[in-house]
Amino acid sequence: MKRISLLALLWIVCSSFTIHLMGDSTMADKDIKGGANPERGWGMMFPNFLDGGVDVVNYAQNGRSTKSFIDLGLWDKVKAGIRPGDYVFIEFGHNDAKADDPARYAAPYGAYQENLRLFVRTAKEMGANPVLLTPVARRWFKEKGLDRNCHTDYPAAMKQVAAEESVPLLDITTATLDWLEALGDEGSRPYFMISTGKNDNTHTVARGARKVTEIVCEKIRGQLPEIAGHLVHYDIVVDRNGFGDYFTVQEAINAVPDYSHEKITTIRIHAGTYKEMVTIPHNKFRIHISGEGLDKTIITFDKYARKNWPDSDFVVGTSGSASVYVHSSYVTFEDLTIENSSGEGKDIGQAVALFTDGDFLFFHRCALIGNQDTVYTYGRFGKEGGIKRNYFLDCYIEGTTDFIFGPSIAYFENCTIHSKKNSYVTAASTLPGQKYGYVFHKCRLTADEGIDKCYLGRPWGAYAKTVFLECELGGHIVKEGWHDWEKPGKPDTKKNSYYAEYRNSGPGAASKGERVKWSRQLSDRQAAEYTFEKVMFQEQDGIKWNPYDNK
């Protein structure tokens, strides 16, 4: 879903139509001022509720009435942008009522109606679809309760024009009055600027702008089927420029309900680079996090193993170096990048991008970027931790040394695994007695130019299990395939680890007798034990996991 600048007005060919927003401060985009301004117009939230087939251009401005919108040339800008099939949303009334201001005043049954008719008739002549919206209610509570006449005759005057001109009318005034009355004086305060200490019962903060947008969308569902088919819903939207519920990913995670045993909370992260360490704690589960594309939505941080904790000579270590921690279960990440931007070298050491410590974690169309130790499928070491399952589908993972490592069960399907250094791709530390470790199915192993000596894996723990099935192995994979990583005091890795392949192809695939003798080439019957369903099903819990309905 695209937001179009008023300066650029870029018309995207693939879009079905554009919605042009005309109105006042309750609808307008705000100057966020680096996050210091909490005020939001509902027009800032509205694009978050529409799919990619609809563009939104917000012409609304603070203080505008129907009269001043025309006199200041804003109506001319709207007309210049209208194309046949577009929609024009028209919401005025707050400032038309200011009788002491001749630059803005428009009498309800006089100039106000005349201006509305001008907007409606011109839009129709241009092949567009005008829609009238009565103004958002003011939060005016008095001794006897909510003032339901806060806009005097203006809503009725607009309804009369809608009837005369046979155009849709969304009665936002009545709907927002009903909402405010149901909440009451105290209950409605957090939605408006009065909650910030200002004497302002007209303008909303982000929470209020979202609620008004939800009301507008509910009206659209009932009255505008062409637009209703494009409506989408995310429980939380993150936008670093203020066009969402929160500026940061961590704020969004903190807002997820605790211990949500039924409902999946959906989080949308707009395009941008979010430099922050993100932690999803164990009590925030059943979350679906989506970005706008792995090249557009990037979560990045720059901690590394040899970096000291603040005000301490204690280094963070491998486990403390991650950009994103997932301690929770039933979490989906989709269409984004998770990166550790620390770089590499002796002064850096390990620098984890993704640290997984939950069960039933699904990563779909994600890029995981780092160097040494990019993806740490931590699980929980020891029997008390239980089984931890991860699924990586259509992902891109890059690194240098041991860049996919840990004890959890992980299934990698149709992924690109990219080596940036002559080293080791995996370092599983599968727990003793655990049937499965890492499974790579139909993946592509690629490398930077000049890289020509990489091993498929080495055992971080003596009981490592890693299997590659029907993968395309680049020429950087050495003919031996696997390394034993024998160390003094470590149990016999050649005896206890399980490394196997099945029908791999490409220049790095095994020829007869080339692989180390303690690895395996699977038969058809043996390979059949490594389907996604069998790897993810564990007798301990008996759960048949559907990652597309991750709850």
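Above: the structure in question.
These numbers were taken from a predicted model, which means no experiment stands behind them.

1. Notes on the pattern of salt bridges
Tallied over the entire structure, the rule returns 29 salt bridges. The shortest N-O distance in the salt bridge between Lys-159 and Asp-171 comes to 3.1 Å. Of this pair, Lys-159 sits in helix 5 (residues 154-165) while Asp-171 is found in the loop between strand 8 (169-170) and helix 6 (172-188), placing the two residues 12 residues apart along the sequence. The partly exposed category is assigned to Lys-159, whose relative accessible area is 36%. Asp-171 gets classed as buried once you look at its relative accessible area, which sits at 16%. Two residues, Lys-435 and Glu-529, come together in a salt bridge whose shortest N-O distance is 3.7 Å.

2. With respect to the sheet that holds strand 3 (residues 54-58)
The strand order 3-1-4-5-8 describes an open sheet built from 5 strands, whose pairing is parallel. Whereas interior strands pair on both sides, the edge strands pair on one side only; in this sheet they are strand 3 and strand 8. Sheet analysis places strand 1 (residues 17-23) next to strand 3, joined by 5 bridges and oriented parallel. Among the inter-strand pairings, Ile-19 is bridged to a residue of strand 3, identified as Val-56. On top of the sheet, helix 5 reaches strand 4 (87-91), strand 5 (129-133) and strand 8; it is set at about 155° to strand 5, its chief contact.

3. Quick look at the packing of aromatic side chains
All chains considered together, the criterion is met by 39 aromatic pairs. Taking the centre distance of 5.5 Å and the plane angle of 75° together, the rings of Phe-362 and Tyr-548 count as edge-to-face. Residue Phe-362 is located in strand 20 (residues 361-364), and its partner Tyr-548 is located in the segment after helix 12 (532-536); the two are separated by 186 residues in the primary sequence. Overall, the relative accessible area of 2% leaves Phe-362 in the buried class. Between the aromatic rings of Tyr-411 and Phe-532, the centroid separation amounts to 5.6 Å while the plane-to-plane angle is 90°, which identifies the pairing as edge-to-face. Linking Tyr-411 in strand 26 (residues 409-413) with Phe-532 in helix 12, this pair joins segments that are 121 residues apart in sequence.

4. Some words on the sheet that holds strand 23 (residues 389-393)
Strand order across the open sheet formed by 11 strands is 10-11-14-17-20-23-26-29-32-34-35, with parallel pairing between neighbours. Because the sheet does not close on itself, it has two edges, and the strands there are strand 10 (236-238) and strand 35 (520-521).

5. What about the pairing of strand 3?
Taken across its 5 residues, strand 3 has 5 buried, putting it largely inside the fold. Every second residue of strand 3 is oriented toward a common face, with Val-54, Val-56 and Asn-58 on one face and Asp-55 and Val-57 on the other, all of them buried.

6. Describing the packing of helix 4 (residues 111-125) against helix 5
Packed helices, taken two at a time, are described by the angle between their axes plus the distance between the axes. In contact at an axis separation of 10 Å, helix 4 and helix 5 are set at 35° when each is read in the N-to-C sense. Note that helix 4 runs across helix 5; the crossing there is right-handed. When helix 4 is examined against helix 5, the residues Tyr-112, Gln-113, Leu-116, Arg-117, Val-120, Arg-121 and Lys-124 are found in contact with a partner set consisting of Tyr-154, Ala-157, Met-158, Gln-160, Val-161, Glu-164 and Glu-165. Looking at the contact of helix 4 with helix 5 residue by residue, the class counts come to 7 nonpolar, 2 polar and 5 charged.

7. Comments concerning the packing of helix 6 against helix 7 (residues 206-223)
Between helix 6 and helix 7, the shortest axis-to-axis distance is 10 Å and the interhelical angle comes to 130°. Considering their axes alone, helix 6 and helix 7 lie oblique with respect to each other. When the axes of helix 6 and helix 7 are compared, the crossing they make is right-handed. Side by side, helix 6 and helix 7 meet where Ile-172, Ala-175, Thr-176 and Trp-179 of the first sit next to Lys-211, Val-212, Ile-215, Val-216 and Lys-219 of the second. Partitioning the contact of helix 6 with helix 7 into residue classes produces 6 nonpolar, 1 polar and 2 charged.

8. Considering the environment of Thr-173
Structurally, Thr-173 can be placed in helix 6. The sequence separation of Thr-173 and Asp-402 amounts to 229 residues, and the corresponding C-alpha distance is 60 Å. Excluding anything up to four places from it in sequence, Thr-173 contacts Thr-134, Pro-135, Ala-137, His-151 and Pro-155.

Each value, and the rule that gives it
Residues numbered from 1 in each chain as written. Predicted model: local features only at pLDDT ≥ 70, side-chain atom pairs only at ≥ 80, totals over all residues. Heavy atoms only, no water. Salt bridge = Lys/Arg side-chain N within 4 Å of Asp/Glu carboxyl O. Helix = DSSP H or I, 4+ residues; strand = E, 2+ residues; numbered from the N terminus. Buried < 20%, exposed > 50% of the residue type's maximum accessible area, 1.4 Å probe, protein only. Pairing = 2+ DSSP bridges. Contact = heavy atoms within 4.5 Å. Axes fitted to C-alpha atoms, helices over the stretch in contact; angles between N-to-C directions. Phe/Tyr/Trp six-rings, centres within 6.5 Å; stacked < 30°, edge-to-face > 60°. Left-handed = near helix turned anticlockwise from the far one by under 90°. Nonpolar A, V, L, I, M, F, W, Y, C, P; charged D, E, K, R; others polar. Parallel < 35°, antiparallel > 145°, perpendicular 65-115°, else oblique.

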